[in-house]
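In case you want the letters, here they are:
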Amino acid sequence: MSANITNGTSSSLPTSMESNLDVLVHNRDGSLIIGASGLLGRYWAGSLWFYEDPSNAPEIEKCSAGVQTEAGVTDIEWIDESRIAVASDSGAIEVWHLVNSRSAFRNLFYLYEHDDTVHAVSINSNKTRLVSGSSDKLIKIWDLPTQRSVSTLHGHTRKVECVVCSPNELEVFLSCSQDGSILLWDMRKPKPAHRLDRASDAALPTCVNWKPGESHVVAIGDEVGKITIQDARSGNGENGVRSASAHTRAVHRLAFSPKNSSWLASVSEDCTAAVTDLHPEPKQVYRSYSHNDFVHGVSWDPLSNKLLTCGWDRQVISHDVNLPNTAVPL
């Protein structure tokens, strides 16, 4: 289906924020975007909220810009200081532009090619390609300058939970799926380059992320709350594979600290947020019980190194991980 291109600008804020806060992401300047969703009758509604000062989140009156979206928001990634890519419950990929000194949202385009919910988006290191993964079992690669899909990848047999581009290699990304597989891809090839070996009793993977500073080391979260660290190129021997039980239910997202690459934050459907220190062996250094529903969003402030989380309780919580077990609702 061709793109539905809209150039309208929304300067008025939505009247309310949906209760399910699914994702929040800092820009490199410390500003923050939040994606919210909520059931409206039989359908999911959504909205985007931008805060120049993250300490104001999730107060509507103090946000810098906000806009209603056509469906629920499942994932967000910054393209640059003013553009964001959004994964939609409707199956769309959306790109929005913050304009008027970042006080309003302008939609640049919607792209509809997935046949079901898009669960994850990720952008390559030179900001020209976007990768999306969906419940339709497909992975799509999009060319951002031309606003079109350039490849459809058929590597999974069930819902694609997560996709994440390598921060170091332009064409490389990872995907994980409810079919139990984690695949390493080269965007130039139609088939996966490698399937990560996993233990025969490993639970289904739910999220993956690359470890900063180590080109081939990845973190994997799974449906029973375990986090595993391994080399994406290696087999499943004992060497180099480390695991820790971080949660009691599914891990929803993982985020490495930009100031300390050994600190891995995780959020879960057990309603907690945790930080695991991976060096020399995985150990929990922080846990917060401040949320009272599923915790779906996690992001480190690149300036202060404070951790922010959000969840289905409509809370945004600020965590100072340097102070043991300190969690402050904003």
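Read on for a plain summary of the structure. (Residues numbered from 1 in each chain as written. Predicted model: local features only at pLDDT ≥ 70, side-chain atom pairs only at ≥ 80, totals over all residues. Heavy atoms only, no water.)

Once that is clear, we can look at the pairing of strand 13 (residues 148–153). Within a regular beta strand, the side chains point alternately toward one face of the sheet and then the other, so they alternate between its two faces. Direction of pairing for strand 12 (residues 139–143) relative to strand 13: antiparallel, over a ladder of 5 bridges. Paired with K140 across the two strands is T152, which belongs to strand 13. (Pairing = 2+ DSSP bridges. Helix = DSSP H or I, 4+ residues; strand = E, 2+ residues; numbered from the N terminus.)

Glancing now at the sheet that holds strand 23 (residues 263–268). Across the sheet, which stays open at both edges, the 4 strands sit in the order 22-23-24-25 with antiparallel pairing between neighbours. Single-partner strands in this sheet number two, and they are strand 22 (251–256) and strand 25 (283–288). The average angle at which neighbouring strand axes cross in this sheet is 20 degrees, direction not considered. Relative to strand 23, strand 22 is paired through 5 bridges, and the arrangement is antiparallel. Within the sheet, the bridge partner assigned to V251 lies in strand 23 and is S268. (Axes fitted to C-alpha atoms, helices over the stretch in contact; angles between N-to-C directions.)

Counting across every chain of the model gives 8 aromatic pairs. Ring plane angle 75 degrees and centroid distance 6.1 Å describe the contact between F50 and W78, whose orientation is recorded as edge-to-face. Linking F50 in strand 4 (residues 43–51) with W78 in strand 6 (residues 73–78), this pair joins segments that are 28 residues apart in sequence. By the burial criterion, F50 is buried, and W78 matches it. Members of the aromatic cluster, connected to one another through ring pairs, are W96, F105, Y110 and Y112. (Phe/Tyr/Trp six-rings, centres within 6.5 Å; stacked < 30°, edge-to-face > 60°. Buried < 20%, exposed > 50% of the residue type's maximum accessible area, 1.4 Å probe, protein only.)

What follows deals with the sheet that holds strand 2 (residues 20–26). Spatially, 4 strands are ordered 2-3-4-5 in an open sheet, and the strand pairing comes out antiparallel. Since the sheet does not close on itself, it has two edges, and those belong to strand 2 and strand 5 (65–69), each with one partner. Along the sheet, successive strands turn relative to each other by an average axial angle of 15 degrees, direction set aside. The sheet contact formed by strand 4 and strand 5 spans 5 bridges and is antiparallel. Each residue of the ladder has a partner; that of W49, found in strand 5, is G66.

Empty space within the second largest pocket amounts to approximately 230 Å³. Around the second largest pocket, the lining comprises 14 residues; the ones closest to its centre are A199, A202, K226, T228 and S243. The element that contributes the greatest number of residues to the lining of the second largest pocket is strand 20 (residues 226–231), accounting for 3 residues. Its residues assigned to classes, the lining of the second largest pocket shows 5 nonpolar, 4 polar and 5 charged. (1 Å grid on protein atoms, 1.4 Å probe; cavity = no way out; pocket = protein on both sides within 12 Å on 5 of 7 lines; lining within 4 Å. Points joined across faces, edges and corners; volume = space filled by probe spheres on them. Nonpolar A, V, L, I, M, F, W, Y, C, P; charged D, E, K, R; others polar.)

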